[in-house]
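Observations on the model geometry
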Amino acid sequence: MQEINIFYIIVIMNEDELKKKLTPDEYRVLREKGTEAPFSGKYLNDNRVGTYMCKVCGAELFPSTAKLDPAKGPASLSGWPSFDQALPGAIREISDNSHGMHRTEIVCANCGSHLGHVFDDSHEKTGKHYCLNSVCLDLKTDQK
Ligand SMILES: [Zn+2]
């Protein structure tokens, strides 16, 4: 019983801390399942080598080697940074029927923060197209 109470308090405190740590736009997307405006994200055309991490908890999510050229994918997904593969176990997929559509939401497996959606895409070698919000990510580049 006590453990449950302690857990509850930690979650509440974290949300308050996150509101201070994140910008209002970041908080809206990561914690309230929002979507950043297309073509607005800072990582859309970023080709640096490194690892994309969760903005909230720092877990490693996507290697830059899995990043797609958004201009070559489906036009409807071209406004957001896209990947064809996540690091093993890094993300969780959740069925999402909001906004009258059937989509698959992706969240950070470590902290549960919203990241974007994954679509089937037969053009990619994995058959998957992970569509991310830049505000959910932090790129850790290989060179300092
Ligand atoms: Zn996370």
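Described in the following lines is the structure provided in the data block. All figures in this text were calculated on a predicted structure; none of them were measured in a lab. Just so you know, the residues in each chain are numbered from 1, in the order the chain's sequence is written. Reporting in this predicted model follows two pLDDT cut-offs: at least 70 for local features of residues, and 80 or more for side-chain atom pairs to be given and counted; totals over whole chains, interfaces and linings ignore these cut-offs and use all residues.

1. Let's talk about the overall build of the chain
If you tally the helices and strands in the chain, you get two helices and eight strands. Mapped in sequence order, the helices and strands of the chain form the string α-α-β-β-β-β-β-β-β-β. Whereas a compact globule of 144 residues would reach a radius of gyration of roughly 15 Å, the chain reaches 16 Å, a difference of no more than 12%. Viewed in the frame of its principal axes, the chain has a C-alpha envelope of about 50 × 45 × 30 Å. Taken over 144 residues, the chain has a buried fraction of 28%. Within the chain, counting contacts between residues at least 6 apart in sequence, those at least 24 apart form 56% of the total. Segments assigned H or I by DSSP are reported as helices when at least four residues long, segments assigned E as strands when at least two residues long, and all are numbered from the N terminus. Every radius of gyration here is taken over C-alpha atoms, with the globule rule written as 2.2 Å times N^0.38, N being the number of residues. Three classes are used. A residue is buried when 20 or more other C-beta atoms lie within 10 Å of its own, exposed when 12 or fewer do, and partly exposed in between, with C-beta atoms placed from the backbone. Throughout, a pair of residues is in contact if the C-beta atoms placed from their backbones lie within 7 Å.

2. What to know about the nonpolar core
Note on soluble globular proteins: their nonpolar side chains tend to be buried together. One finds L61, A86, I91, Y130, L132 and C136 to be the most contacted residues of the largest nonpolar core, which totals 24 residues. Looking at this core, the elements with two or more residues in it are α2 (24-32), β1 (50-54), β2 (60-63), β5 (103-108), β6 (114-120) and β7 (128-132). Broken down by element, this core gets its largest block of residues, three residues, from β7. In this view, C136 contacts V29, L30, K55, S113, H114, L115 and G116; residues no more than four positions away in its chain are not counted. Note on terminology: a nonpolar core is any set of buried Ala, Val, Leu, Ile, Met, Phe, Trp, Tyr and Cys residues joined through C-beta atoms within 7 Å.

3. A look at the environment of I94
Here I94 is to be found in strand β4 (residues 91-96). We classify I94 as partly exposed; it has 14 C-beta atoms within 10 Å. C-alpha of I94 to C-alpha of C131: the two residues are 37 residues apart in sequence and 14 Å apart in space. Beyond its immediate stretch of four places on either side in the chain, I94 contacts E105 and V107.

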